[in-house]
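A look at the structure
One letter stands for each residue in the lines below.
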Amino acid sequence: MPQPYDIIIIGGGAAGFTAGLYAARDRCRALLLERFSAGGQVLNCEHIENYPGFPDGVAGYTLGPLLQQQATSLGLELQLTEVCAIQRDGEAFVLQTDGGTLHTKALIVATGSSFSTLGIPGEEEFVGKGVSHCAACDGAFFMDQPVAVVGGGDAAIDEGLHLTQYASHVTVIHRRTALRACRLLQERARANDKLSFCWNSVVREIEGDTGVERIRLEDVTQGTPSTLDVAGVFLYIGLTANTLFLGDLVPLNANGQIVTDLWMRTATPGVLAAGDVRSDSSRQLVSAAGDGATAALAAIRYVRTGEWQR
Ligand code: NAP
């Protein structure tokens, strides 16, 4: 059997790379596995203004590679591969990946979350043809055309504002009349002439021929149907934790998030979780990084001393 890693981290977002940075600085043999590209959710953000140390904000596609560069320059190994299954092997863990089998003493799950979907007709059919979860990637395709954004959280309002740079008009469709988004984003949205709100409304269907042409709406207070002509629909209705591949390795909460204690430890000795994927995460970039540091410190202690409970 090949020499096991001390710590394998699954997921290359802020949580994963921060964990990797701490593990590498403490001279652990640490490997980070990422299935797409470094950065995670931040890669979808054009402008991040709530990560400390960047007074002018920073683009997600700038920050992602910086996270990677900082951790790998300190000795973190990186493999672009997807983890398919994980088994326990005594005190250690065996990971089946696209690239082969890996062994580790401790595991930090930092796989983040994916955008939730509405499950309505037309949603899946028009992905890449008008339906999107990424204003930074797809916004420019809708130059001078009307688009809709669905949701009332930070992501919907932030990305809706970003879309006003391209679209002729942005309609934010929200199922009630109070937004979840932070007040600063709300103020900006209300001051923007190119953005308006469609309150108390849900999308029932996305329609078009070769691409999105219109959405069918329903007013949830009256049950009244209506139609809105749009070329694009950006869906920001929350996030779903990426935990499916874990099987029954660790207990999950009712939302499919990994249950941890304050040191990011799960009920399974040797397995930790950090960032959006864990229960009670505040789902902020900065707290994901903090989780990553905490998880790494607890994992290092476990690998070196075997101590799990503090
Ligand atoms: P979120 O805060 O969970 O908001 C999701 C929104 O979608 C809510 O307004 C919710 O309505 C609505 N919604 C949920 N299910 C729906 C459905 N089936 N139909 C219609 N509407 C539905 O999600 P998020 O905006 O993606 O943000 C996730 C986390 O990332 C948050 O912690 C957020 O702070 C963070 N984030 C921050 C920034 C930033 O700071 N710039 C940017 C992106 C994300 P209700 O309000 O009625 O529940």
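I will try to describe carefully the structure that is included in this document. What you are looking at is a predicted structure, and each value in this text was computed from that prediction instead of being measured.

A count of helical and extended segments in the protein chain gives six helices and 17 strands. In terms of overall dimensions, the protein chain has C-alpha extents of about 60 × 40 × 35 Å along its principal axes. Counting every position in the protein chain, which comprises 310 residues, the buried fraction comes to 51%. For the protein chain, long-range pairs separated by at least 24 residues make up 62% of all intrachain contacts whose partners lie at least 6 apart in sequence. For the protein chain, the computed accessible surface area is about 14,500 Å², with 49% contributed by carbon and sulfur atoms. Taking the 23 positively charged and 34 negatively charged side chains of the protein chain as two groups, their mean positions are separated by 7 Å.

On to the pattern of salt bridges. Applying the stated rule across the entire model yields 11 salt bridges. As a salt-bridge pair, Arg-301 and Glu-307 come within 2.6 Å of each other at their nearest N and O atoms. In the salt-bridge network here, residues are joined through shared partners; they are Glu-207, Glu-213, Arg-214 and Arg-216.

With that settled, the discussion passes to the nonpolar core. With 38 residues, the main nonpolar core has Ile-7, Ile-9, Leu-76 and Ile-108 as its most contacted residues. A total of 10 residues in this core trace back to one element, the largest contributor, which is helix 6 (residues 285-305). Once residues within four sequence positions are removed from consideration, Ile-108 is found in contact with Ile-7, Ile-8, Ile-9, Ile-10, Ala-19, Leu-272, Ala-274, Ala-295, Ala-296 and Ala-299. In this structure, Leu-31, Phe-245, Leu-249 and Val-271 belong to the second largest nonpolar core, which totals 21 residues.

This part is about the sheet that holds strand 9 (residues 146-150). Across the sheet, five strands lie side by side as 8-15-9-10-11; this open sheet has parallel pairing. At either end of the open sheet lies a strand with only one pairing partner, and these are strand 8 (131-132) and strand 11 (195-198). Pairing analysis gives two bridges linking strand 8 to strand 15 (residues 232-235), with the strands arranged parallel. The residue bridging Ser-132 from the neighbouring strand is Phe-234, located in strand 15.

Reading the values: the criteria
For every chain, the first residue of the written sequence is number 1, and numbering continues from 1 onward in sequence order. Totals for whole chains, interfaces and linings use every residue, but because this is a predicted model, local features are given only for residues with pLDDT of at least 70 and side-chain atom pairs only at 80 or more, for both listing and counting. As a rule here, side-chain values come from all non-hydrogen atoms in the structure, and water together with hydrogens is ignored. Here a helix means four or more residues in a row that DSSP labels H or I, a strand means two or more in a row labelled E, and each is numbered from the N terminus. When accessible area is computed with a 1.4 Å probe and restricted to protein chains, residues below 20% of their type maximum are described as buried, those above 50% as exposed, and intermediate ones as partly exposed. Contact definition: two residues touch when any of their heavy atoms are within 4.5 Å. Using a 1.4 Å probe, the Shrake-Rupley method yields the accessible areas, and only the shown protein chains count as cover for residues. In summary, the charge assignment counts Lys and Arg as positive and Asp and Glu as negative, without counting His or the chain termini. By convention, the charge on Lys lies at NZ, on Arg at CZ, on Asp at CG and on Glu at CD. For salt bridges, the criterion is a side-chain nitrogen of Lys or Arg within 4 Å of an Asp or Glu carboxyl oxygen. Buried residues of nine kinds, namely Ala, Val, Leu, Ile, Met, Phe, Trp, Tyr and Cys, make up a nonpolar core once their side-chain atoms join them within 4.5 Å. Here, any two strands with at least 2 DSSP bridges between them count as paired.

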